[in-house]
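The primary structure of each chain is shown beneath.
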Amino acid sequence: MTATLIDGIALSKTLRSDVAARAAALTAQGCQPGLAVVLVGDNPASEVYVRNKVKACRDNGIHSSYDRYPATLSEAALLERIDALNRDPSIHGILVQLPLPPHIDSHKVIEAIAPEKDVDGFHIANAGALMTGKPLFRPCTPYGIMKMFEASGIDLRGANAVVIGRSNIVGKPMALLLLEAGATVTICHSKTRDLAAHTRGADVIVAATGRRNIVTADMVKPGAAVIDVGMNRDDAGKLCGDVDFAGVSAVAGFITPVPGGVGPMTITMLLVNTIEAAERCASHREQSR
């Protein structure tokens, strides 16, 4: 069996054209969607992510402000800037690129963002709303993966799903969204004793650990859908994921490539969340007239 490839680039293009149409409609009403991106320090990977996010905004009709600060920026100065962005009516989403320098408390920074502008979906109010099945924003990577399941016609109702990884950014919210969609969910992680025992019975596997080849062909049930969130480098320095792509694609029913799978979807869902924030804002403004 050769797995069907879930192409994140192609799906992203479709979703982004919808974003651009919605952005144009809002702009025509006098409410251009705005995303503020804040980068502290000079982490090369973060610089690439931020550049891609800013470009994606501009390409799809979203106004984007980009604040770049040296690693020496104080926590107080960053919190002051977030406060100003919270009060700026032209900004509907605020994204502070992680990781932050060690002297800045990431948790404090995330909590300083107004929940209605937290387009990453990391604020405690949004994490709690997701937990209760009433999310204001869904975190971008898990949200993008749910769109991939939908576009590929993968029915999650009653499916056995294994999420490998328990981060607040991917693992935990991914498990909650799968649960909401009717799947039976197991969360595995670095302390899991026998990972293969869990994955072999899974209809769906989402690997999000940042460890190369953590999922190999012998761990996958024939026909399963395998989503690779990992971003690693192989011995030749080429980008690869958490899944042994060559081996697993011979067994799985569906698989995402790295690169070109989940990555483009993450930025696309950031645009979707920003549009949703701007639409809510425009609707509140209309109601208060």
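Here, every reference points to the structure presented above.
Residues numbered from 1 in each chain as written. Predicted model: local features only at pLDDT ≥ 70, side-chain atom pairs only at ≥ 80, totals over all residues. Heavy atoms only, no water.

S.K.: An account of the environment of leucine 39 is needed here, citing residue identities and associated values.
M.R.: Following the sequence through the fold, leucine 39 ends up in strand β2 (residues 34–40). Spatially, the C-alpha atom of leucine 39 lies 6.2 Å from that of aspartate 67, the residues being 28 residues apart in sequence. (Helix = DSSP H or I, 4+ residues; strand = E, 2+ residues; numbered from the N terminus.)

S.K.: An account of unusual backbone geometry is needed here, citing residue identities and associated values.
M.R.: That bond from leucine 98 to proline 99 is cis: its omega, 0 degrees, falls within 30 degrees of zero. Checked against the element boundaries, proline 99 lands in the loop between β4 (93–96) and α4 (106–112). Cis rather than trans, the peptide bond between valine 258 and proline 259 has omega equal to -5 degrees. Within the secondary structure, proline 259 sits in the loop between β11 (254–255) and α10 (262–287).

S.K.: Please give an account of the sheet that holds strand β3 (residues 63–69) that cites residues and values.
M.R.: The strand order across the open sheet built from 3 strands is β3-β2-β4, with neighbouring strands paired in parallel fashion. Unpaired on one side and paired on the other, β3 and β4 mark the two borders of the sheet. On average, adjacent strands in this sheet sit at an angle of 15 degrees to one another, irrespective of strand direction. Where β2 meets β4, 4 bridges bridge the pair, whose relative direction is parallel. In the strand pairing of β4, alanine 36 is matched with isoleucine 94. (Pairing = 2+ DSSP bridges. Axes fitted to C-alpha atoms, helices over the stretch in contact; angles between N-to-C directions.)

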